[in-house]
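Results of the structural survey
Chain by chain, the residues:
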Amino acid sequence: MSTNQKPVRVRFAPSPTGYLHVGGARTAIYNYFFAKAMGGTFYLRIEDTDRKRYNEEALHDLMRDLKWLGLQWDEGPGAEKDCGPYFQSERLDIYHREIQKLLDSGDAYYCFCTEERLQQVRAEQEKSGVSVTGYDRHCRHISREEAEARIAAGENAVIRLKVPEQGITEFEDKIRGHIEYKNELLDDLVLIKRDGFPTYHFASVVDDHFMGTTHVLRGDEWISSTPKHMLLYKAFGWEPPVWCHLPVILAAGGGKLSKRKGAASVGDFRDLGYLPETLVNFLALLGWNPGDDREVMSVKEMIDCFTLERINPKAVAFDEKKLQWMNGQHIQICDNQFLVSVLKETLHAEGIDYSNSSEDRLLEIVKLLKPRAKFLQDFAQMSSYFFKAPETFDEKGQRKHWAEGSREIASAVCQAMKAIDEFTTPNIEEAFNDLAVSRNCKLGELVGAVRLAVSGVTAGPGLWELFEVVGKEEVINRIEKALPLMQE
Ligand code: GLU
């Protein structure tokens, strides 16, 4: 098909009415990946023709979230090229020019029916139980001259598409295969509203044509719009794009993913401490696979093997447990310097003073905590004892590690620590080993009480490394201060 030979141009076309939902984000990801994989163009088009639902803040957040995910558009707001403007509200002259063509060819007509009349038609249809409801095509036969005269006289009208009364409209979906709809089930849809703004259907088709869209990758919920779009392409005599309707994302327990069932927007997940790399990786795998069993992947790795053929039409469930696991995995491969900046930011937010710590020390802390971190906030939460002595001690830990005999063990460890000249991980480890040998006990018996004394908690990174980073003097002080709290 000739469409496939043209350079790929795909778009993400959100309506700025609310948050960037994970479903929308996945659509943007697939479009971005496909453009990059094919050496094509990914453009951003803002579908803001529904003026009642337009929200300036949503627009701003949407662009911020796309950038945060790393999905920078090649063309669009802030990156204007020849196909602009990229806001539909600034393209009204194009829609008005194009609708004339359909009026001229007789494929569109003016409709003067009032909202009250339409409601009445609907109510009657419901009462009589007809199988096909919708507009009764009352104005379809009004001549162009009569319609224009009525408009000139001040009457208000919408413009509708003249949908064929019989036959079928069919199309191939790259993901779902052959799809067909009976024309008799399709309404004479409105193309231009009373306020002069186009409807989604009309603007979308006109823009996809003039902006050179070769492939439309969008959520499954739009599939019932596609026959309407096909009819428009036919009426204009334009070649339609390749259609790809992406599988629905369901909540883990079934049903639609929604705020009520937990986090659902990109912003929610950012606030929870997820990395953008994790979200992109996780969402990409909701409905697509790399052809092997890889799961934790970089954007580049995914782009390198991205094909539309490997998008699965089956609905997929959003498994937040897996997302958490994946975040931990991405934190492991994340740049340490970046994590240092995260650590500083989160410490600052928690009001923990880190000004006495050098960059090298912060880097050591990050390296120690990385294997245990699942969320970015964990860095501050798990590291406070590196910056200040613990004020409280885990209660269960106290019962277990500060029980009878623990004071004597802890003071023996304290003495051994005092005897170390250079307080480094290997020397600390050696001192512990020597102490275990001389006391003829297991290493494990020596660590519990002092770990709790120094960190306030029972779990954390390796104790020798932890001691080195906390520092000799501070380790000794903390153990000595805790001794009276331990049982003899
Ligand atoms: N503006 C629509 C949306 O909000 C775009 C649908 C499409 O991609 O055609 O998702």
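Residues numbered from 1 in each chain as written. Predicted model: local features only at pLDDT ≥ 70, side-chain atom pairs only at ≥ 80, totals over all residues. Heavy atoms only, no water.

**As for the overall build of the protein chain**
- The secondary structure content of the protein chain amounts to 21 helices and 11 strands.
- Taken over the C-alpha trace, the protein chain has a radius of gyration of 32 Å; the compact-globule value for 488 residues is 23 Å, which it surpasses by more than 25%.
- Counting only C-alpha atoms and orienting by the principal axes, one finds that the protein chain spans roughly 105 × 50 × 35 Å.
- With 488 residues in all, the protein chain has 50% of them scored as buried.
- Of all intrachain contacts in the protein chain linking residues separated by at least 6 positions in sequence, the fraction that spans at least 24 positions is 75%.
- With the model as given, the accessible surface of the protein chain reaches about 23,700 Å², and the carbon-plus-sulfur share is 49%.
- Of the charged side chains in the protein chain, 61 are positive and 75 negative, and the gap between their average positions amounts to 3 Å. (Helix = DSSP H or I, 4+ residues; strand = E, 2+ residues; numbered from the N terminus. Rg over C-alpha atoms; globule rule 2.2 N^0.38 Å. Buried < 20%, exposed > 50% of the residue type's maximum accessible area, 1.4 Å probe, protein only. Contact = heavy atoms within 4.5 Å. Areas by Shrake-Rupley, 256 points an atom, 1.4 Å probe, with all protein chains shown as cover. Lys, Arg positive; Asp, Glu negative; His and termini not counted. Charge placed at Lys NZ, Arg CZ, Asp CG, Glu CD.)

**Regarding the pairing of strand E3 (residues 108-111)**
- What you see with E3 is no split at all: Ala 108 and Tyr 110 on one side and Tyr 109 and Cys 111 on the other are buried throughout.
- As judged from the 4 bridges shared by E3 and strand E4 (residues 158-161), these two strands associate in the antiparallel manner. Its bridge partner lying in E4, Cys 111 is registered against Val 158. (Pairing = 2+ DSSP bridges.)

**Concerning unusual backbone geometry**
- Looking along the chain, the bond that leaves Gly 84 and enters Pro 85 is cis, with omega of -5°.
- Relative to the helices and strands, Pro 85 resides in the loop between helix H3 (56-68) and helix H4 (92-105).
- Even without being glycine, Arg 137 reaches a positive phi, approximately 60°.
- Inspection of the secondary structure assignment puts Arg 137 in the loop between helix H5 (115-128) and helix H6 (144-152).
- Looking at Arg 137, the relative accessible area reads 16%, which means it is buried.
- Even without being a glycine, Asn 440 presents a positive backbone phi close to 55°.
- Among the secondary structure elements, Asn 440 is positioned in the loop between helix H18 (425-439) and helix H19 (444-455).
- Here Asn 440 falls in the exposed class, since its relative accessible area comes to 72%.

**Structural notes on the site of the ligand**
- Around the ligand, the structure places Arg 11, Ala 13, Ser 15, Glu 47, Tyr 200, Arg 218 and Trp 222.
- A distance of 2.8 Å is found between a nitrogen atom of the ligand and a backbone nitrogen or oxygen belonging to Ala 13.
- The side chain of Tyr 200 places a nitrogen or oxygen atom 2.6 Å from an oxygen atom of the ligand.
- Bound to the protein, the ligand loses 82% of the 300 Å² it would expose on its own.
- A molecule is said to occupy a pocket when more than half its atoms come within 2 Å of that pocket's grid points, and by this definition the ligand occupies the largest pocket.
- Tallied by class, the residues present in the shell around the ligand amount to 3 nonpolar, 1 polar and 3 charged. (Near = heavy atom within 4 Å. Polar contact = N/O pair within 3.5 Å; in protein donor to acceptor, adjacent residues only side chain to side chain. 1 Å grid on protein atoms, 1.4 Å probe; cavity = no way out; pocket = protein on both sides within 12 Å on 5 of 7 lines; lining within 4 Å. Sits in = over half its atoms within 2 Å of the grid points. Nonpolar A, V, L, I, M, F, W, Y, C, P; charged D, E, K, R; others polar.)

**Brief notes about the nonpolar core**
- Phe 386, Met 417, Phe 432, Phe 467 and Ile 479 are the most contacted members of the largest nonpolar core, which has 57 residues in total.
- If you list the elements that add at least two residues to this core, you get helix H13 (336-350), helix H14 (359-369), helix H15 (378-383), helix H17 (406-418), H18, H19, helix H20 (463-470) and helix H21 (472-482).
- Each residue touching Met 417, except ones within four places of it in the same chain, is listed here: Phe 423, Ile 428, Ala 431, Phe 432, Phe 467, Lys 472 and Ile 476.
- Listed in part, the 56 residues of the second largest apolar core include Phe 12, Ile 46, Val 266 and Leu 323. (Core = buried A, V, L, I, M, F, W, Y, C linked by side-chain atoms within 4.5 Å.)

**Quick word on H13**
- With 15 residues, H13 ought to run about 21 Å at 1.5 Å a step, and its terminal C-alpha atoms sit 21 Å apart, in line with that.
- Along H13, the residues classified as buried are Leu 339, Val 340, Val 342, Leu 343, Thr 346 and Leu 347. Down the axis of H13, the buried set is contained in an arc of 160°. They therefore lie on one face. Exposed residues lying more than 90 degrees from the buried face of H13 are Glu 345, His 348 and Ala 349.
- Next to the buried residues of H13 lie helix H12 (320-333), H14 and H15.
- Directly after H13, the chain includes Gly 351, whose backbone phi takes a positive value near 75°. (Expected span 1.5 Å × (residues − 1). Arc of directions from axis to C-beta.)

**Looking at H17**
- For H17, with 13 residues, the first-to-last C-alpha span of 18 Å sits near the 18 Å given by 1.5 Å per residue.
- What H17 keeps buried is the set Ser 406, Ile 409, Ala 410, Ala 412, Val 413, Cys 414, Ala 416 and Met 417.
- Turning to H17, the residues buried within the fold contact helix H16 (395-401), H18, H19, H20 and H21.

**Observations regarding the side chain of Thr 199**
- Tracing the backbone through its elements, the reader meets Thr 199 in the loop between strand E7 (190-192) and helix H7 (200-210).
- Classification of Thr 199 as buried rests on a relative accessible area of 12%.
- A polar contact is formed between the side chain of Thr 199 and the backbone oxygen of Val 190, at a distance of 2.8 Å.
- Contacts of Thr 199, omitting those with residues within four sequence positions, involve Val 190, Leu 191 and Lys 193.

**Structural notes on the packing of H17 against H21**
- Running from N to C, H17 and H21 point in directions that differ by 160°, and their axes come no closer than 10 Å. Taken together, the axes of H17 and H21 are roughly antiparallel relative to one another. Relative to H21, H17 is oriented so that their crossing is left-handed. On H21, the residues touching Ala 410, Cys 414, Met 417 and Lys 418 of H17 are Lys 472, Ile 476, Ile 479 and Glu 480. (Axes fitted to C-alpha atoms, helices over the stretch in contact; angles between N-to-C directions. Parallel < 35°, antiparallel > 145°, perpendicular 65-115°, else oblique. Left-handed = near helix turned anticlockwise from the far one by under 90°.)

**A few points about the packing of H17 against H18**
- For the pair H17 and H18, interaxial distance at closest approach is 10 Å and the crossing angle is 130°. Classified by the angle between their axes, H17 and H18 sit oblique to one another. As for the relative orientation of H17 and H18, their crossing is right-handed in sense. Here Glu 408, Ile 409, Ala 412, Val 413, Ala 416 and Met 417 of H17 come into contact with H18, specifically with Ile 428, Ala 431, Phe 432, Leu 435 and Arg 439.
- Residues that form the contact of H17 with H18 fall into these classes: 9 nonpolar, no polar and 2 charged.

**Here we look at the environment of Ala 459**
- With respect to the element layout, Ala 459 can be found in the loop between H19 and H20.
- When its relative accessible area of 45% is taken as the criterion, Ala 459 is described as partly exposed.
- The spacing of Ala 459 and Met 382 is 77 residues in sequence and 9.7 Å in space, taken between C-alpha atoms.
- Setting aside residues no more than four positions away along its own chain, Ala 459 makes contact with Arg 372 and Arg 451.

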